[in-house]
Amino acid sequence: MRVATWNVWHRFGDDYEVRSEAIATALAPVDADVLCLQDVWTEPEGERSQAAELAAHLGLEAHADAHRVVSEGFTFGNAIVSRWPITRQETRPLPPHPDYEEFRTVLAVEIAHPDGPVQLYTTHLNFLGHQSGVRQAQVRAVARMMHEWRRDDLVRPQVLTGDLNAEPISDEVRMLTGHADLGVPLALLDAWRVRGRGDGATWSSRNPLTHASFEPDRRIDYVLVGFPISYGGRGQVESVEIFGDDPVDGTWPSDHFGVVADLSD
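Residues numbered from 1 in each chain as written. Predicted model: local features only at pLDDT ≥ 70, side-chain atom pairs only at ≥ 80, totals over all residues. Heavy atoms only, no water.

A. Geometry of the pattern of salt bridges. According to the stated counting rule, one finds 17 salt bridges in the structure shown. Note that Arg92 is salt-bridged to Glu90, the shortest N-O span being 2.7 Å. Residue classification places Arg92 among the partly exposed positions, given a relative accessible area of 23%. With a relative accessible area of 25%, Glu90 lands in the partly exposed category. Its salt-bridge partner being Arg104, residue Glu102 comes within 2.7 Å of it at the nearest N-O pair. Per residue, the accessibility class of Glu102 equals that of Arg104, and both read buried. (Salt bridge = Lys/Arg side-chain N within 4 Å of Asp/Glu carboxyl O. Buried < 20%, exposed > 50% of the residue type's maximum accessible area, 1.4 Å probe, protein only.)

Put into structure tokens, the structure is as follows:
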């Protein structure tokens, strides 16, 4: 099963329509079975959905949208697109900063994989560097949801993806990967740590869309996978790569690079 995650930067920038075409072009060769998106939009009045449009472009069967914010006629949130039917979905709000709300969510789906049910989750955490405490509360909420959803008849480990706005050494990522207390019996493997080469930076100064932030290169986008030992070895990370890390006909698709991982059958 090939799982990809990408923050596609909503409709920001002066050339969104051109970026939109670049996003679709960059995703085609990735050939993901499940595509997890952050900063994705819907247009409620026009009944348009970026996830649905990408699903149609990529020949994928199903999609699920999760949004809590509406701005200038468009929503802003997370989505999952799947090659196989989505049989269950749920969106939960994540704990906010005590002084203001960024309307962060986690989207969970259960998919009818040919081998049996599988579960995937995608999220996008608070972005300011000093808000590790908020992100820690948010990953605890994500982990509680994963623990509640877990079923004995799943045929593969649960998969969590997303823009965590946190580096691997952060407490919040260490919590998810079993190196700090998460509050529930859950630990996940960081696909890049298992099979990645190089620093895996998904926020990179190579991308001109990041320059206005004056922030250093770092890895903040993840595919995280449950341990395969309970699933007969299914779900092992076989490979992981960055994508969307080059311009398409001169246009950078997003301010983030994406991550795609192959998980064994």
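B. Expanded view of the nonpolar core. Counting residues in each nonpolar core, the largest one holds 26 residues, and the members touching the most others are Val34, Val109, Ile111, Leu120 and Leu263. Listing elements by their share of this core, those giving two or more residues are β2 (34-40), β5 (62-71), β8 (105-113), β9 (116-124), α5 (191-195), β12 (221-226), β13 (237-243) and β14 (258-263). Here Ile111 is in contact with Val34, Ser82, Trp84, Pro85, Ile86, Thr87, Gly116, Pro117, Val118 and Leu120, once residues within four sequence places are set aside. Counting residues in each nonpolar core, the second largest holds 24 residues, with Tyr121, Val184, Leu186 and Leu224 among its members. (Core = buried A, V, L, I, M, F, W, Y, C linked by side-chain atoms within 4.5 Å. Helix = DSSP H or I, 4+ residues; strand = E, 2+ residues; numbered from the N terminus. Contact = heavy atoms within 4.5 Å.)

C. Structural context of helix α3 (residues 132-149). The end-to-end C-alpha distance of α3 is 26 Å, a good match for the 26 Å that 18 residues give at a rise of 1.5 Å each. Within α3, burial applies to Ser132, Val134, Arg135, Gln136, Gln138, Val139, Ala141, Val142, Ala143, Met145, Met146 and Trp149. Residues of α3 that are buried make contact with β7 (86-93), β8, β9, β10 (159-163), α4 (171-176) and β11 (188-190). (Expected span 1.5 Å × (residues − 1).)

D. Molecular detail of the sheet that holds β2. What the six strands build is an open sheet, ordered β5-β6-β2-β1-β14-β13; its pairing is mixed. The open sheet has two edge strands with one neighbour each: β5 and β13. Each neighbouring strand pair of the sheet contributes to a mean axis angle of 10 degrees, computed without reference to strand direction. Here β13 runs beside β14; their pairing, made up of six bridges, is antiparallel. Pairing of Ser239 across the sheet is with Asp262, part of β14. Helix-sheet contacts for helix α2 (residues 50-58) involve β2, β5 and β6 (74-82), and the interaxial angle to β2 is about 145 degrees. (Pairing = 2+ DSSP bridges. Axes fitted to C-alpha atoms, helices over the stretch in contact; angles between N-to-C directions.)

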